[in-house]
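# Fold and contact review
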Amino acid sequence: MHYAVVCSDDPVRSVDELVLDGVRTRYAALAGRRFADEYVRSCDTLRVPSLPDSTDVDVTASIPTLILSGGLDVATPTYRSEIVARSLPGSRLVVFPGGTNVQLGAINLCAAQITVAFVHDPSAALPLKCVGETPFPGFVLPDGTVGR
C-alpha cells in the first residue's frame, strides 16, 4: 500500500531526479539515493497511474500542530519538516539533532514529554530543555549490547 501511494504521487522516475538541496550530511545523501533507487524499481514494478500535478498543493490549516523532526532523518529530512511548518501557521517544529525518522516510536522520552505538554496546552511554552540532553541513538550490536 505504501508504495502504491508514493508511486501515484510524484514518483521518482530516476535517481538522477533526486533533489539533495538542503541535505546536510553525506550519509543522508547516500541513504536518499538508496531509497530513491528502491522507489524507482518499486514504481516500475507496480505501474500505478500518477496523480495530476493539480493535486500538488500544500495543505494549510491554522489548527495547532506539533511537528517532531530528527536531524539524522534520511526519509523525511528536517528541511522538509520546515516546509510543512511554514504552510501550517499554528505549527510548532521541534528538531532532535540526534533523532532519526520517528521520535515517539523510537521511545524518545523527551519527545513524549513535549507531546504531552503540547496536547495539554498547545499555546504554552514547550519543555524544550530535554532536546539538547537527548542522547544520540545507540546501535544494537550482534551480541545484543548497545554501542554508541
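Okay, so let's go over this structure. All values reported here derive from a predicted model rather than from experimental measurement.

This next bit is on the layout of surface pockets. Of the voids in this model, the largest pocket is the one considered here, and its volume is about 1,400 Å³. Lining the largest pocket are 35 residues, with Asp9, Asp10, Ala75, Tyr79 and Arg80 sitting closest to its centre. When grouped by side-chain class, the residues that make up the lining of the largest pocket number 22 nonpolar, 6 polar and 7 charged.

Below, the discussion takes up the pairing of strand S2 (residues 91–96). Along a regular strand, successive side chains alternate from one face of the sheet to the other. With 6 bridges joining them, strand S1 (residues 65–70) and S2 adopt parallel strand pairing. Across the sheet, residue glycine 70 finds its bridge partner in S2, namely phenylalanine 96. Following the chain from S1 across helix H3 (residues 78–87) to the adjacent parallel S2, one finds a crossover that is right-handed.

What follows deals with unusual backbone geometry. Even without a glycine there, the phi angle at arginine 47 is positive, about 55 degrees. Using a relative accessible area of 70% as the deciding quantity, one classes arginine 47 as exposed.

For the structure on display, the rule yields 2 disulfides. Disulfide pairing places cysteine 110 opposite cysteine 130 at an S-S distance of 2.0 Å. With the S-S dihedral at roughly 70 degrees, the linkage between cysteine 110 and cysteine 130 falls on the right-handed side. On the criterion of sequence distance, the pair formed by cysteine 110 in helix H4 (residues 109–120) and cysteine 130 in helix H5 (residues 129–133) is long-range, its members being 20 residues apart.

Take the environment of alanine 61 next. Counting through the fold element by element, alanine 61 comes out in the loop between helix H2 (26–46) and S1. The spacing of alanine 61 and glycine 90 is 29 residues in sequence and 7.4 Å in space, taken between C-alpha atoms. In this structure alanine 61 touches Ser87, Leu88, Pro89 and Gly90, once residues within four positions along its chain are discounted.

Further remarks concern the side chain of serine 8. Locating serine 8 in the fold gives a position in helix H1 (residues 2–8). By relative accessible area, which is 15% here, serine 8 ends up buried. Here the side chain of serine 8 touches valine 5 through a polar contact of 2.9 Å, landing on its backbone oxygen. When residues no more than four places from it in sequence are discounted, the contact partners of serine 8 are Val48, Pro49, Ser50 and Leu51.

The subject of this paragraph is the pattern of salt bridges. All told, the structure shown has 3 salt bridges when counted by the stated rule. One salt bridge in this structure joins arginine 34 and glutamate 38, with 3.2 Å as the shortest N-O distance. Highlighted residues: arginine 34 and glutamate 38, both in helix H2, separated by 4 residues, approximately one helical turn. On the basis of relative accessibility, which here comes to 47%, the residue arginine 34 falls in the partly exposed class. Ionic pairing is found between lysine 129 and glutamate 133, a salt bridge with its closest N-O pair at 3.4 Å. Of the two residues, lysine 129 and glutamate 133 are both situated in helix H5; the distance of 4 residues between them amounts to about one turn of the helix. For the pair lysine 129 and glutamate 133, one class covers both residues: exposed.

Calculation criteria
- Residues numbered from 1 in each chain as written.
- Predicted model: local features only at pLDDT ≥ 70, side-chain atom pairs only at ≥ 80, totals over all residues.
- Heavy atoms only, no water.
- 1 Å grid on protein atoms, 1.4 Å probe; cavity = no way out; pocket = protein on both sides within 12 Å on 5 of 7 lines; lining within 4 Å.
- Points joined across faces, edges and corners; volume = space filled by probe spheres on them.
- Nonpolar A, V, L, I, M, F, W, Y, C, P; charged D, E, K, R; others polar.
- Pairing = 2+ DSSP bridges.
- Helix = DSSP H or I, 4+ residues; strand = E, 2+ residues; numbered from the N terminus.
- Right-handed = clockwise from strand over helix to strand, strands pointing away.
- Buried < 20%, exposed > 50% of the residue type's maximum accessible area, 1.4 Å probe, protein only.
- Disulfide = S-S within 2.5 Å.
- Contact = heavy atoms within 4.5 Å.
- Polar contact = N/O pair within 3.5 Å; in protein donor to acceptor, adjacent residues only side chain to side chain.
- Salt bridge = Lys/Arg side-chain N within 4 Å of Asp/Glu carboxyl O.

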